[in-house]
There are 2 protein chains.
Amino acid sequence: MSNSRALPLLDPDVQPCCPPLNERPLTAEEAVRTAAMFKALGDPVRLRLFSAVASHEGGEACVCDISDVGVSQPTVSHHLKKLKDAGLLASERRGTWVYYRVEPSVLAAMGQLLTSAAR
Amino acid sequence: MSNSRALPLLDPDVQPCCPPLNERPLTAEEAVRTAAMFKALGDPVRLRLFSAVASHEGGEACVCDISDVGVSQPTVSHHLKKLKDAGLLASERRGTWVYYRVEPSVLAAMGQLLTSAAR
């Protein structure tokens, strides 16, 4: 997909600020910020939609591309917006549709939080 | 801590079964199973408690070791049990106290789900 890299990157400030979970106890502020991201992936329908976007051709998708998770298009839009609000997806409107793509730096930081804690 | 490796490992069957999130859309069953783990980390108090256990000396802690997150001991116990039920902590009773430790294989699998999706 020629325009698959056209979405703007999120502000680096939205990346989790936190050390691996086994380095030290998180502060209250760090926990609020990081828990919001985990919570966004903590709903089965939302997690399926997230994987549908992440695995779609070119790493991006619009609501028009996603139709097989058993929920209505408005519900799909609602969940994608929640994932965006949590900083996990970036979005861009192109004509009729809003396209979403995974925010790799945020995911990598979340993954690091867990894999480093798994030593 | 000499007994820090004494906790039993969880049944390997509780490990997430799923491919990286950008490989293919998760099935409904995979999403239910995996979302439950993310949801367990999606509460700020629970996430702080999790990091308190993970970062405690020897990688394990009992309720008696955790007193600075601003919630009562019964609330701490409640949250640790939820983390255990989600497969993220293993536990063992020793005398008066139940000791919890992080389940590394499950965390590593969750981390993999995210970091591979962040390519």
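Report follows, based on the coordinates. Keep in mind it's a predicted model, so treat the numbers as computed, not measured.

Comments concerning the interface of chain B and chain A
Residue-level contacts link 36 residues of chain B with 36 residues of chain A. Three residues, B:L47, B:R48 and B:L114, lead the burial of chain B against chain A; their summed loss comes to 18% of the area buried on that side. There are zero salt bridges connecting chain B and chain A. Along the contact surface separating chain B from chain A lie four residue pairs in polar contact (both at pLDDT 80 or more). Where the side of chain B that touches chain A is concerned, the elements lending two or more residues are α1 (28-40), α2 (44-55) and α4 (104-115) of chain B. Looking at the side of chain B that touches chain A, its residues break down into 22 nonpolar, nine polar and five charged.

Description of the sheet that holds strand β2 (residues 89-94) of chain A
All names here are of chain A. Reading across from one edge, β1-β3-β2 is the order of the three strands in this open sheet, with antiparallel pairing throughout. This sheet does not close on itself; its edge strands, each paired only once, are β1 (60-62) and β2. On average, each strand axis in the sheet is tilted by 25 degrees relative to the strand beside it, whichever way the strands run. In this sheet, strand β3 (residues 97-102) lies alongside β2 in antiparallel orientation, the contact comprising six bridges. Pairing of R93 across the sheet is with V98, part of β3. Strands in contact with helix α2 (residues 44-55) are β1, β2 and β3; relative to β3, the strand with the most contacts, it is inclined by about 90 degrees.

Examining the sheet that holds strand β3 (residues 97-102) of chain B
The strands making up a sheet are joined through hydrogen bonds of the backbone, oriented either antiparallel or parallel. Residue and element names in this part refer to chain B. Spatial strand order, β1-β3-β2: three strands in an open sheet with antiparallel pairing. For this open sheet the edge positions go to β1 (60-62) and β2 (89-94), each flanked by a neighbour on one side alone. Each adjacent strand pair in this sheet contributes to an overall mean axis angle of 25 degrees, direction not counted. Sheet analysis places β1 next to β3, joined by three bridges and oriented antiparallel. By the bridge assignment, E60 is partnered in β3 with R101. Sheet strands in contact with α2 are β1, β2 and β3, and its direction is about 90 degrees off that of β3.

A look at α1(B)
Under the 1.5 Å per step criterion, the end-to-end length of α1(B) is 18 Å for 13 residues, consistent within 8% with the ideal 18 Å. For α1(B), the complete set of buried residues consists of B:E30, B:A31, B:T34, B:A35, B:M37, B:F38 and B:A40. For α1(B), the elements touching its buried residues are α1 (28-40) and α2 of chain A together with α2, α3 (73-85) and α4 of chain B.

Focus on the state of the cysteines
Residue and element names in this part refer to chain A. Applying the stated criterion across every chain, the model contains two disulfides over all chains. Disulfide partner of C62: C64, at an S-S distance of 1.8 Å. Judged by the torsion about the S-S bond (-60 degrees), the C62/C64 disulfide is left-handed. Since its relative accessible area comes to 0%, C62 is described here as buried. The class of C64 is partly exposed, set by a relative accessible area of 34%.

Rules of the game
Residues numbered from 1 in each chain as written. Chains lettered and ligands numbered in written order. Predicted model: local features only at pLDDT ≥ 70, side-chain atom pairs only at ≥ 80, totals over all residues. Heavy atoms only, no water. Contact = heavy atoms within 4.5 Å. Buried area = accessible area lost by both parts, 1.4 Å probe. Salt bridge = Lys/Arg side-chain N within 4 Å of Asp/Glu carboxyl O. Polar contact = N/O pair within 3.5 Å; in protein donor to acceptor, adjacent residues only side chain to side chain. Helix = DSSP H or I, 4+ residues; strand = E, 2+ residues; numbered from the N terminus. Nonpolar A, V, L, I, M, F, W, Y, C, P; charged D, E, K, R; others polar. Pairing = 2+ DSSP bridges. Axes fitted to C-alpha atoms, helices over the stretch in contact; angles between N-to-C directions. Expected span 1.5 Å × (residues − 1). Buried < 20%, exposed > 50% of the residue type's maximum accessible area, 1.4 Å probe, protein only. Disulfide = S-S within 2.5 Å.

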